[in-house]
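# Fold and geometry: a report
Chain residues, written in single-letter form:
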Amino acid sequence: RVLDECRASLAVHPRKLRELSALRASSSPGGRFLPAFCDALTPLFEVLRRSPASDRVARFAAAFASSSASAAADGTGFLEGFLRFLLVASAAAHRPARFRSCQIISEIIMQLPDDAEVSDEIWDEVIDAMKIRVQDKIPAIRVFSVRALSRFAIDEEDGGIIDIFLETLEKEQNAEVRKTIILSLPPSSATLESIIESTIDTSESVRRAAYSVLSTKFPLQSLSIKQRTTLLHRGLSDRSTSVKNECLRMLKEEWLVKHCGGDVITLLRFLDVETYELVGESVMGVLLKDGSVRVQDGQTIRQYFTANTEDAEQVSSIKLMEAEVALYWKVMCMHLQAEAQVKGSEAATTTGTEAAVYASEASDKNDLLDGVLPSTVAEFVDLVKAHLSAGPNYHFASRQLLLLGGMLDFSDSMNRKVASSFLYELLNRPLEHEVDEDGNQIAIGDGVSLGGDLQWAKAVSELAKKVHASIGEFEMVIATVVEELARPCRERTADFMQWMHCLAVTGLLLENTSTLRSLEGTAIRPSEVLQSLLLPAAKQKHVDVQRAALRCLCLFGLLENKPSTELVKQLRLSFINGPDLVSAMASKALIDLVSWHGPQELDQAIGTEPSDANYEKTQFAPVDISDLNDDDLNVGVLSILFSGFHKDDWEFSPEGDNHDNVPTILGEGFAKILLLSENYPSISADLHPVILAQLVRLYFLEESKELGRLKQCLSVFFLHYPSLSEKHKRCVSSAFVPLMRAMWPGIHGNAGGSGPVVSKKRKQAVQAARFMVQMVQSPLFSTETAEQACMSPESLSSSPGPFVNYDISEEGLAIRIAVEVGNSQDKKSAPMKAYALALCKVAVLLRFRQSEQKAIKCMRGLVNTLAASAASDKDLMKELAQMASRLKSLDESPEEELPQDQADAIFEQLGLAGGVKLDAANTVVPPTPAPPRSVRAPPARRRARRAASSSDDSEAEAEGESLDVTSVSQVPATPSVATARAQRASKTAALSKFKSSVKPSLEAASDSEQDEMSGLTTDEDPSDDSDDPDEEES
């Protein structure tokens, strides 16, 4: 009665707990209450479907057991007896019983008071049982098992439970189980990395749980700077709003308020904003948007100026800012300016009182911004100068403060004069350098940007464009500085530091100029920049000077209407003969110019005339850049760049982002060319498969594992390229065979090697082949063309059959593979045999559509070609037999053969010259001759003694199906064989009938249990629902 009343509502549970406790206290001390309680609770373990009412009963039973542990002297005995009852149920074959027992055990453990005294023996049994149930095939059972173990994981000494959690987390497919594991992990160095990795889980609930655990269990000080910035970067940019809110809650309530006392500057110190500037900006942005950070009364940049105004003491009268403070004021001022602009725009688009309110808010924001910024431009200049003079430790703060200049007013001529003089000093400020032990100067920074920092160069250019806002004034001022810096370079008296400084300012000018015409009439004309500065700099011996010069040559070429001859020749020469760093910069410049002007324009600029135009359309000209002469202009720029893939001695550092290495630059460049192939009609479509095959080969090379940027770029490219258009799909199909020929060791001139080396190369080739198959199988983003979309259904039905593009489908790829296998059969070398066998294993992965009858018939005629090369592999022969069976079932007229002329038409469409003659026999394996029939048949009882089994029957059925499918000549069965088959069939039928009569209710229960378990959890993986009869019957 008590349990039935508890099903209705949770509100009656406290009262019913008191009633049941009183009933247990009044019961006889013989222990009759526990058996009665277990008997009353037993129907709960038989309920197939989970419901709120049954969950309330389970929670009441757990609450009663946990409260009785300290209610009376014998409370512990009742709890131990009840736990033993639940442990027996947890090992049952009935899934609802296992589920309810684990649910109640977990609730008892979570609600059990700390003063409860339970024997260690019982807890050991509970722990062992729950460890087993963590591996249960039902996700809901695994969830409650993890919850039950979570309380023991905290106090465990050997860490066995934590190890089980971490091991299960790596391979767990169900999101709810992963979430429970994350919430159950105790804080430790062993669990921290796994929790951080869960912030990029595919499930939104798991990511949210990870941030919840990190905010409550791990203090800010226990995380490294890298871990803090990684968490904020992932959480604040997450696609899920709930995950963003959880990360913001961790940032605001735990890190900012609890650990930093509400001081945002202290929080920024924990993030190392000099190294992770973007993370610091995003943190400030979300806090400002949330309203957690505001400008306090009295806070202003002007407080860093002292009252001392004497000229000799100006530097010392300014208090220097830390990096975090400078970033804070930069983001704060930009936020105030953006808000003022938004309110001003809203005021301009509305009328009446609403417009007045918006205008007032915009005015308040502007007044607040004016009160924060330096009062005059002179004070702003003095503030930046003071930080510049303080040394490289304040370079970051100087750049943050320099960006504030874009918010100042330069309409006054005096302000512009002060700012112009300051800009002139910045542009003429020499590059910072160090001196090594030998007295050599080493430039600090990237070596190509102003100040050695790209962000600093952008800040200077933004301020310069703000100060010199008139048309042509920016180019005039910067060109004057370039002309002054170029004088010692023209006179050949400049050292490499002066060359680099001049080229950095020149690059700043070319980057911020829209056309070369704007440089006409300035202190230095475009022709002088090219002839007297950039080309001589590219011929300097110093590597950094050459890199800076090539970068400027690229910028100069992008501004030209047509690339100049000298510029293209110098870039080609630097790519061929330069050091690796110089070749990398030259390849980057050539790729950019090819993308902007097209390869034909670059070849025409130097008068390149291919000797064999037909050959150039299908293949790149074979070039060995190591032996290429400087005056050899008959090789196109694409052929030269493509030859960079075949050079094996490129040097690069595995540390860092690996941006400046030739394979990465060429891989990204050619991937962009393939994606934007419609913009380059001069590049023959026959070259696209060649380029794609090289990119796939580069992706799977062993050496490319260290090139993280290249791997990431190509992985994104391969994900989208085949799905964008049918042309791309055709390119993938056409590139398959050339790729396999190029990667398979020991064929077509490819190097072999020792056994382990050859094995590794073959594995890479097989991986590439399967990868190409996946690209062919990927669906197009748009499966309906524009013409088909515009046609009516009537016109579609009356129109003739559409032209089938076999070269974009799996059918076409299967035919290509079969023809390649057929053409390689006359070569009996071991590498060629292994090559043909690998192709056969790929062919069986491809699927055929029933609508493509010609392709099906053509492939049926080619299956024997595959079987002839796979005769040594029995498993593969079975797969080929299954493939032949599928093809026969898909063939609408299996008795009719495809004429050879139609097969040749398919071969011609696929570009397979010659093709292969179809095998009219249409058999997978050669017919086996019938064994000589014995005059005297063997006794039938020898066959009959063999026990009938399901495996025998299945093998016999598969055997018969295979023989029927492959049209193998049938051998008449002897009487003994016929008798044995009849006996096996009858015995199998009797056995199956016996099983069905013995356990009909068990099978029905199994089906109903399967349905019931689907409601136990949410977000359940389909693989977890599969039934295992053996396990259930055990």
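Given the structure is predicted, the values throughout are model-derived calculations rather than measurements.

## What to know about the overall build of the chain
Looking only at helices and strands, the chain has 48 helices and two strands in total. Counting every position in the chain, which comprises 1034 residues, the buried fraction comes to 46%. By sequence separation, contacts in the chain at least 24 residues apart represent 73% of the contacts at least 6 residues apart. Put simply, the chain shows about 51,400 Å² of open surface, and 51% of that area lies on carbon and sulfur atoms.

## Quick look at the pattern of salt bridges
By the definition in use, this model includes 35 salt bridges. A salt bridge links R847 to E810, with the nearest nitrogen and oxygen atoms 3.0 Å apart. Of the two residues, R847 sits in the loop between helix 40 (830–843) and helix 41 (853–869) while E810 sits in helix 39 (residues 810–823), which places them 37 residues apart along the sequence. D891 is the partner of R860 in a salt bridge, and the nearest nitrogen-oxygen pair spans 2.9 Å.

## Regarding the packing of aromatic side chains
On inspection of all chains with the given rule, the structure shows 19 aromatic pairs. On the numbers, 5.6 Å between centres and 75 degrees between planes, the contact of F642 with F645 is edge-to-face. Each member of the pair, F642 as well as F645, is classed as buried. The positively charged end of K711 is found above the aromatic ring belonging to Y699, 4.1 Å away from the centroid.

## Concerning helix 13 (residues 225–236)
Because each turn of an α-helix spans 3.6 residues, side chains separated by three or four positions in sequence point in the same direction. Given a rise of 1.5 Å per residue, twelve residues ought to cover 16 Å, and the 16 Å separating the end C-alpha atoms of helix 13 matches this to within 8%. By the burial criterion, the buried members of helix 13 are Q227, R228, T229, T230, L231, L232, G235 and L236. Buried residues along helix 13 sit against helix 11 (189–197), helix 12 (204–217), helix 14 (241–259) and helix 16 (277–290).

## Thoughts on a nonpolar patch on the surface
Residues L675, L676, L724 and F781 make up a contiguous nonpolar surface patch of about 380 Å² in total accessible area. With respect to the helices and strands, the residue L676 is situated in the loop between helix 32 (662–675) and helix 33 (687–700).

## A short note on the side chain of R551
For R551, the location among the structural elements is in helix 26 (residues 543–559). For R551, a relative accessible area of 15% puts it in the buried group. In contact with R551, not counting residues within four places along its chain, are V448, G507, E511 and M585.

## A word on the environment of E324
Within the secondary structure layout, E324 lies in helix 17 (residues 323–349). The exposure class of E324 is buried, given its relative accessible area of 12%. A C-alpha to C-alpha distance of 9.9 Å links E324 and Q400, two positions 76 residues apart in sequence. In contact with E324, not counting residues within four places along its chain, are I265, L268, R269 and V273.

## Observations concerning unusual backbone geometry
A positive phi angle, near 60 degrees, is found at R492, a position not held by glycine. Structurally, R492 can be placed in the loop between helix 23 (473–490) and helix 24 (496–511). A residue is classified by how much of its surface remains accessible, and R492, at 51% relative accessible area, is exposed. Positive phi outside glycine occurs at H748, with the angle close to 55 degrees. Counting through the fold element by element, H748 comes out in the loop between helix 35 (726–743) and helix 36 (755–777).

## Section: the packing of helix 28 (residues 580–597) against helix 32
Two elements in contact, helix 28 and helix 32, have axes separated by 9 Å at closest approach and are oriented at 10 degrees. By the angle between their axes, helix 28 is roughly parallel relative to helix 32. Between helix 28 and helix 32, the residues in contact are D580, S583, A584, S587, K588, I591 and V594 and V662, I665, L666, G669 and I673, respectively.

## Things to note about the packing of helix 12 against helix 14
Remark: helix 12 packs on helix 14, axes separated minimally by 9 Å, with the N-to-C direction vectors making an angle of 5 degrees. The pairing of helix 12 with helix 14 is recorded here as roughly parallel in orientation. Between helix 12 and helix 14, the contacting residues are E204, R207, R208, Y211, S212, L214, S215 and T216 on the first element and S242, V243, E246, C247, R249, M250 and E254 on the second. Of the residues belonging to the contact of helix 12 with helix 14, the class tally is five nonpolar, four polar and six charged.

## Topic: the nonpolar core
Soluble globular proteins tend to pack their nonpolar side chains together in the buried interior. By size, the foremost hydrophobic cluster in this structure holds 303 residues, and its most contacted members are F736 and I815. For this core, the element with the most residues is helix 24, which contributes eleven residues. Among all residues touching F736, those that are not within four sequence positions of it are A769, M772, V773, L813, I817, L839 and V842.

## Some details on the confidence of the model for the chain
Segments scoring low in pLDDT should not have their predicted coordinates read at a detailed level. Residue-level pLDDT values for the chain average 81, and 81% of them are 70 or greater. Low pLDDT (under 50) marks residues 309–316, which in the prediction has two contacts with non-local residues, meaning those over four places away or in another chain.

## Brief notes about helix 23
In a regular helix each residue adds 1.5 Å, so 18 residues correspond to 26 Å; helix 23 covers 25 Å between its end C-alpha atoms and thus fits that length. Along helix 23, the residues that are buried comprise F474, E475, I478, A479, V481, V482, E483, L485, A486 and C489. Among the structural elements, helix 21 (413–428), helix 22 (454–467), helix 24 and helix 25 (526–538) are those in contact with the buried residues of helix 23. Remark: R492 follows helix 23 within two positions and exhibits a positive phi of approximately 60 degrees.

## Thoughts on the environment of A537
The residue A537 is located in helix 25 in this model. Judged by relative accessible area, A537 falls into the buried class, the value being 0%. Counting along the chain gives 38 residues from A537 to W499, while the straight-line C-alpha distance between them is 7.4 Å. Apart from residues no more than four positions distant in its own chain, A537 is found in contact with W499, L503, V545, Q546 and A549.

## Description of the environment of N440
For N440, the position within the fold is in the loop between strand 1 (433–435) and strand 2 (441–443). Note on N440: relative accessible area 42%, which makes it partly exposed. Filtering out sequence-adjacent residues up to four positions away, N440 remains in contact with E434 and V435.

## Observations regarding a negative patch on the surface
Taken together, the side chains of D120, E121, D124 and D128 define an acidic patch exposed on the protein surface. Judged by its relative accessible area of 44%, D124 falls in the partly exposed class.

## Observations concerning the side chain of H728
Among the structural elements, H728 can be located in helix 35. Exposure remark for H728: the relative accessible area of 7% places this residue in the buried category. Here Y721 takes part through its backbone oxygen, which lies 3.0 Å from a polar atom of the side chain of H728. Discounting chain neighbours no more than four positions away, the residues touching H728 are L674, L675, S677, Y721 and P722.

## A word on the state of the cysteines
Applying the stated criterion across every chain, the model contains zero disulfides. For C502, which is in no disulfide, the shortest distance to another cysteine sulfur is to C489 and amounts to 4.5 Å. Taking the relative accessible area as the measure of exposure, C502 reaches 0% and is therefore buried.

Criteria and thresholds
Residues numbered from 1 in each chain as written. Predicted model: local features only at pLDDT ≥ 70, side-chain atom pairs only at ≥ 80, totals over all residues. Heavy atoms only, no water. Helix = DSSP H or I, 4+ residues; strand = E, 2+ residues; numbered from the N terminus. Buried < 20%, exposed > 50% of the residue type's maximum accessible area, 1.4 Å probe, protein only. Contact = heavy atoms within 4.5 Å. Areas by Shrake-Rupley, 256 points an atom, 1.4 Å probe, with all protein chains shown as cover. Salt bridge = Lys/Arg side-chain N within 4 Å of Asp/Glu carboxyl O. Phe/Tyr/Trp six-rings, centres within 6.5 Å; stacked < 30°, edge-to-face > 60°. Lys NZ or Arg CZ within 6 Å of the ring centre and 35° of its normal. Expected span 1.5 Å × (residues − 1). Patch = residues over 30% accessible without salt bridge, like charges linked within 9 Å, V, L, I, M, F, W, Y side chains within 5 Å. Axes fitted to C-alpha atoms, helices over the stretch in contact; angles between N-to-C directions. Parallel < 35°, antiparallel > 145°, perpendicular 65-115°, else oblique. Nonpolar A, V, L, I, M, F, W, Y, C, P; charged D, E, K, R; others polar. Core = buried A, V, L, I, M, F, W, Y, C linked by side-chain atoms within 4.5 Å. pLDDT = per-residue confidence, 0-100. Lys, Arg positive; Asp, Glu negative; His and termini not counted. Charge placed at Lys NZ, Arg CZ, Asp CG, Glu CD. Polar contact = N/O pair within 3.5 Å; in protein donor to acceptor, adjacent residues only side chain to side chain. Disulfide = S-S within 2.5 Å.

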